[in-house]
Every structure is written in structure tokens, then in C-alpha cells.
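Topology and contacts: notes
One-letter residues, chain by chain:
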Amino acid sequence: MTIRLLLADDQELVRQALCALLALEDDFEVVASVGRGDEVVAAAREHRPDVALLDIEMPGLDGLAAAAVLAAQVPDCRVVMLTTFGRAGYLRRAMDAGAAGFVVKDAPADVLADAIRRVRTGERVVDPALAVATLAAGESPLTARERDVLITARTGATVAEIASRLYLSEGTVRNYVSAAITKTGARNRVEAVRIADERGWL
């Protein structure tokens, strides 16, 4: 039985390489390939893939958000997150978004192919090292609003700019930043963003 695949990665060379690699498998057919997260759902509706391979960091909509929309709107399409970033927080968020698999891009080709086949049959497949790291790291300590503030701060925005973008008062933003600094064990806002980003909490 042929497994129909959708690929989503914003790097053209990576996308082409994945298409070529997966085409070597007799039971795989790449039916769609997109470079933006906000193109994923439309492509899935048009081509009806069995499995979507989604990169996490893409323009328009990140892979985690795209996975959540796919789960809600195209539930027959199973999702495998395929990413360079093997961060513990990403795995937990991917599972919450409805992803059935999580494979890092430096995994051997046969591991990826096996993951696709297993996900297609209804299994969940997770990179073992990442699963262990996720269990060790525990849940993200950040609230949704603290996360929003740090994501906005990641662009270098001032407190006033963050407040304006999130429709909050500057005092409230400072409180969220202070809480995030404490929870991440950081010394300042920039370090809090870096630590949260490295742990996949943003």
C-alpha cells in the first residue's frame, strides 16, 4: 500500500533532498511539498496525504501550530515533526498539538522511513534520546502569557513595544518578565529568552 506524503520545510534544498530520499522507498509517494507553515492545511486538503512531515520553524505558521490545525481540520492525516531542534519542550508541545511522531533531521534514513510507516499504522514514534530528555526536563514552568511576552521579547522589543503588541500595561509586562526570569533561573530578560528557547518552551 502506497503511503502518500506531504513535506513542509522552508529550506528548499532540505525539501528537495527529503523528496529524493523518500522517493527511494517503493511504498512512499510525495504528493505535495510546501515551504510555509500557512500552506500546509490547504495542501493537505487538496492532496489528502496519509502522513505530513512538518519542520518546526517555518514562516507564516510554525510546524507546531500547523500540526494542531491539521489535527482539527484534516484528522486522517498523521503528523511527524521533523526538525533540527531536538529540544525537550518541543516534543511535549508537538504531542499536545496532535503530532504522532517526532524525528530529528540527523536521524538515519531508515529510521525516518520506519517512523513514517509506524505512524501510518496508528503508532506514536518518538526519538528515544529526546523522549528521555523530555522526561528529565519536566513541564514548562511558564504560563501562556509569560511565554507570549518572551516570544515578543525575542525580537528585541522594548517593554513598551511588548505591552502595545500584547495589549497589556507596561507594569503587567514587567511582572511577566520578572516571573519568567525567576522561573528560568536567568539573570535578565535576554538570558530568560535564550534559556526558554533552548529548552523548547517558546
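It should be noted that the structure appears before, not after, this text.
Let me begin by describing the structure that accompanies this report. (Residues numbered from 1 in each chain as written. Predicted model: local features only at pLDDT ≥ 70, side-chain atom pairs only at ≥ 80, totals over all residues. Heavy atoms only, no water.)

**Describing the pattern of salt bridges**
Stated formally: Salt bridge, as applied in this entry: a Lys or Arg side-chain nitrogen positioned within 4 Å of an Asp or Glu carboxyl oxygen. In this text, helices come from DSSP runs of H or I with a minimum length of four residues, and strands from runs of E with a minimum of two, each type numbered from the N-terminal end. Three labels apply to residues, based on accessible area from a 1.4 Å probe with only protein chains included: buried if under 20% of the type maximum, exposed if over 50%, partly exposed otherwise in between.
Per the counting criterion, the structure on display carries 15 salt bridges. Close ionic contact of aspartate 197 with arginine 154 constitutes a salt bridge, the shortest N to O distance being 2.9 Å. Taken together, the residues aspartate 197 in helix α10 (residues 189-198) and arginine 154 in the loop between α7 (144-153) and α8 (159-166) connect sequence positions 43 residues apart. Note on aspartate 197: relative accessible area 18%, which makes it buried. A relative accessible area of 40% means that arginine 154 is categorised as partly exposed.

**Comments concerning helix α5 (residues 109-120)**
This is how the line gets drawn: To estimate how far a helix should extend, the number of its residues minus one is multiplied by 1.5 Å. Each C-beta atom gives one direction from the helix axis, and the arc is the one those directions make.
For α5, with 12 residues, the first-to-last C-alpha span of 17 Å sits near the 16 Å given by 1.5 Å per residue. Listed in full, the buried residues belonging to α5 are Leu112, Ala113, Ala115, Ile116 and Val119. Axial view of α5: buried residues confined to an arc of 160 degrees, hence all on one face. Downstream of α5 by a residue or two, glycine 122 has a phi angle that is positive, lying close to 105 degrees.

**Some thoughts on the environment of arginine 45**
The following threshold applies: What makes two residues a contact is simply this: any of their non-hydrogen atoms within 4.5 Å. Any pair of N or O atoms that falls within 3.5 Å is considered a polar contact. Within protein, one atom must be able to donate a hydrogen and the other to accept it, and sequence-neighbouring residues count only if both atoms are side-chain atoms.
Structurally, arginine 45 is set in helix α2 (residues 40-47). A sequence separation of 32 residues divides arginine 45 from cysteine 77, and the C-alpha atoms of the two residues are 9.5 Å apart. Ignoring any residue separated from it by four or fewer positions in sequence, one finds arginine 45 in contact with Gln73 and Val74. Polar side-chain contacts of arginine 45 include one of 2.3 Å to the side chain of glutamine 73.

**Considerations on the state of the cysteines**
Put simply, the rule reads: Cysteine sulfur atoms are paired as a disulfide whenever they come within 2.5 Å of each other.
Going through the model one piece at a time under the given rule, you end up with 0 disulfides. Here cysteine 19 stays free of any disulfide, with the sulfur of cysteine 77 as its closest cysteine sulfur at 15 Å. Judged by relative accessible area, cysteine 77 falls into the buried class, the value being 5%.

**Let's talk about helix α9 (residues 170-184)**
For α9, which comprises 15 residues, the first-to-last C-alpha distance of 21 Å matches the rise-based estimate of 21 Å (1.5 Å per residue) to within 8%. Those residues of α9 that fall on the buried side of the exposure criterion are Val173, Val177, Ala180, Ile181 and Thr184. Summarising the axial view, the buried residues of α9 lie within an arc of 100 degrees, below the 170-degree limit, and thus occupy one face. The exposed set on the far side of α9, more than 90 degrees from its buried face, consists of Asn175 and Thr182. Buried residues along α9 sit in contact with α7, α8 and α10. Glycine 185 occupies a position one or two residues after α9 and carries a positive phi of about 75 degrees.

**With respect to the nonpolar core**
The following threshold applies: Grouping buried Ala, Val, Leu, Ile, Met, Phe, Trp, Tyr and Cys residues that are joined through side-chain atoms within 4.5 Å yields what is termed a nonpolar core.
Grouped together as the largest cluster of nonpolar side chains are 28 residues, with contacts concentrated most on Leu6, Val40, Leu54, Leu70, Met81 and Phe102. Taken together, the elements giving at least two residues each to this core come down to β1 (3-8), β2 (28-34), α2, β3 (51-54), α3 (63-73), β4 (78-83) and α4 (88-96). Aside from chain neighbours lying at most four places away, what touches valine 40 is Leu6, Ala8, Val34, Leu54, Ala66 and Leu70. With 21 residues, the next largest nonpolar core counts Ile162, Ala186, Ala192 and Ile195 among its residues.

**Focus on the side chain of arginine 15**
As for its placement among the helices and strands, arginine 15 is situated in helix α1 (residues 12-23). A polar contact is formed between the side chain of arginine 15 and the backbone oxygen of aspartate 9, at a distance of 2.6 Å. Among the polar contacts made by the side chain of arginine 15, one reaches the side chain of serine 33 at a distance of 3.0 Å. Discounting residues that sit within four places of it in the chain, arginine 15 has contacts with Leu7, Asp9, Asp10, Ser33, Val34 and Gly35.

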